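Structural features, examined
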Amino acid sequence: MEDSQNVNLSLKKAISLAFTLGYQLDRESFGLLQELAQENKLEKVMEKVLADLKDLPENPLFITSEMIQKTVKDLYEEDAENSLTIVESVGDTFNPLSKEFPSELEVLDDPTETIGSTGDLDGFLKYFQDRFTRIERLLRERLDVKDAITVKEALNSPSKTKVKIIGIVTGIRERRETVFMQIEDLETVATVLISSRADKTVREKAERILLDQVVCVEGVRSQRDLIVATNFINPDIPERKPKTAKKAVYAALLSDLHIGSKYFQEKSFNKFLRWLQGREGNYRQREIASRLKYIIVAGDVVDGVGIFPDQEKELVQTDIYEQYDFAAKLIQQIPEYIDVILIPGNHDATRQALPQPAIKKEYAEPVYEARKVVMIGDPSTIRLNGVEFLLFHGRSLDDVISSVPDVLYRNLDETISTAMKYLLKIRHLAPIYGSKTPIAPETQDYLVIDSVPDVFHAGHVHVLGYEEYRGTLIVNSGSWQSQTPFQEKMGLVPTWGIAPILNLRTLKITPMDFTK
Ligand code: D5M
Ligand code: FE
Ligand code: ZN
């Protein structure tokens, strides 16, 4: 009660002040001032508006909504990055700025046309040689790895010599609390030993090594082919300043729509579509919609068919064509001046092994026809207004969750960015070969993170999370599917109906909630 009285009072005060100074207010400005009063920002904004008016060469008659909006932006640009909840709009005209923004989208890397694994033994060897060579190069860019020697040289050095080698971890065994790792480079294999009496930091680092990753090992030469580990070094990404857009232009980073599933949250998604069209939200939220130029979906556009046993029971559309047809009906409601970028996930209609080519036209024709869409593979890299994105569905995050201590399905809301950070540190999107994540042995390893992205965007685990790491913004999207029976059993609580919206100028995320 008291609060709403304060709101009314400050509104009246501001309006009478404007009138006294000889200004008039149009209807839209009046609505804006009302919202500002509710948000406790009216006084500060009004003060600046009036001060700015005095500086104008010719005194205008009206205080327009544009003036107020500009002032709010000047004063609260950073505040606008905080979490927002959509509220019903007052319903006036919507003139999106992004309609005038030219599209600045470049596809830098897309595996769709270049892959062609034969799957033979020779291909398998070439694949791992390429993985080793690429990550070795990244490791040697580090000052502390530069002087690493080959495994052969290390094994030829006298006992008790300090050695530093680079290799693929081809085996991890544990016997009576001692860990043995098989490490090999292109010519020789060594056994790296981490004893139970080793330093705690070495043991902790060893626990976080994944099978088939490329790593630098520091150690001491022992007998036979043994090296006693004293340290592990990951290639990691260097600390740097990310590239940013020159103007405030936004991208919606979505994934895991799961259209076709009983659990697809159609209502929330429709609300998102209405917000894009300027039909939902207060003026600040509509200001963001007005500057939204890109929508990325990082896989699992549909729920698919036959992805897991008894899936039919959880489907509304039991036919893959119908699912993409429904997806097309939703996607075509996205305003035409927004660029839509889609990559596949493990539920989409394309090959399952990574790298995945783009969603197949033969299954998703209606989506291809509905509007212009940029269909690329998983993973892909793109640039939006100068900002480099690494797009990845995130299938291997399941492997990270089962191998890295402390990252559990139960606590992903706190740990998902740690899991993604882990992939950046090892500079590989899916190290473990032949386990949960199917990988095709291409002649080139498309899963090595060669170029350091400004934004690393993934999905798959259905939990929203974001964090800045050494200049790179890590984002996991969450989903548009509520908790499935399987996820309930796993203890995974999805974040659905909340879209992380990225400001390309500041690389800050605004999570927008469409569930209310
Ligand atoms: O995967 C969503 C999340 O749920 C992801 O972390 C894997 C997990 N999930 C879901 N279904 C299964 C099954 N059947 N086995 C193992 N893990 C599962 P999504 O790709 O959206 O289904
Ligand atoms: Fe999914
Ligand atoms: Zn998935």
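Here, the structure is the one placed above.
Presented here is an overview of the structure given in this document. (Residues numbered from 1 in each chain as written. Chains lettered and ligands numbered in written order. Predicted model: local features only at pLDDT ≥ 70, side-chain atom pairs only at ≥ 80, totals over all residues. Heavy atoms only, no water.)

**Some remarks on the coordination of the iron ion (ligand 2)**
Taken together, the protein donors to the iron ion (ligand 2) comprise Asp-256 (OD), His-258 (NE2), Asp-300 (OD) and His-462 (NE2), at separations of 1.8 to 2.3 Å. Taken as a pair, the iron ion (ligand 2) and the zinc ion (ligand 3) lie 3.2 Å from each other and share Asp-300 as a ligand. Residue Asp-256 is located in the loop between strand E10 (250-254) and helix H8 (266-276), and its partner Asp-300 is located in the loop between strand E11 (292-298) and helix H10 (320-331); the two are separated by 44 residues in the primary sequence. When sorted by exposure, Asp-256 lands in the same class as Asp-300, which is buried. (Donors = N, O, S within 2.8 Å, 3.2 Å for Na, K, Ca; no water. Helix = DSSP H or I, 4+ residues; strand = E, 2+ residues; numbered from the N terminus. Buried < 20%, exposed > 50% of the residue type's maximum accessible area, 1.4 Å probe, protein only.)

**Observations regarding the coordination of the zinc ion (ligand 3)**
Coordination of the zinc ion (ligand 3) by the protein comes from Asp-300 (OD), Asn-346 (OD1), His-393 (NE2) and His-460 (ND1), over a distance range of 2.2 to 2.3 Å. Each donor residue of the zinc ion (ligand 3) lies on the same chain, and together they follow the pattern D-x45-N-x46-H-x66-H.

**Some details on the sheet that holds strand E15 (residues 387-392)**
Strands sit in the order E4-E14-E15-E16-E18-E17 across an open sheet of six strands; the sheet is mixed. In this open sheet, the two edge strands, each paired with only one partner strand, are strand E4 (105-109) and strand E17 (464-469). Put simply, the sheet's adjacent strands are angled 20° from each other on average, direction ignored. Bridge count between strand E16 (residues 455-458) and strand E18 (residues 472-477): four bridges; the pairing is parallel. In the sheet register, Ala-458 faces E18, and the bridge partner there is Asn-476. (Pairing = 2+ DSSP bridges. Axes fitted to C-alpha atoms, helices over the stretch in contact; angles between N-to-C directions.)

**Here's the deal with the site of ligand 1**
Taken together, the neighbourhood of ligand 1 is formed by 14 residues, with Asn-346, His-347, Asp-398, His-460 and His-462 sitting nearest. Side-chain polar atom of Asp-300 to an oxygen atom of ligand 1: 3.1 Å apart, as the coordinates give it. Here ligand 1, which alone exposes 450 Å², has 78% of that area covered by the protein. In this structure, ligand 1 is accommodated by the largest pocket. (Near = heavy atom within 4 Å. Polar contact = N/O pair within 3.5 Å; in protein donor to acceptor, adjacent residues only side chain to side chain. Areas by Shrake-Rupley, 256 points an atom, 1.4 Å probe, with all protein chains shown as cover. 1 Å grid on protein atoms, 1.4 Å probe; cavity = no way out; pocket = protein on both sides within 12 Å on 5 of 7 lines; lining within 4 Å. Sits in = over half its atoms within 2 Å of the grid points.)

Interpretation note: all reported values are geometric properties and have no functional meaning in isolation.
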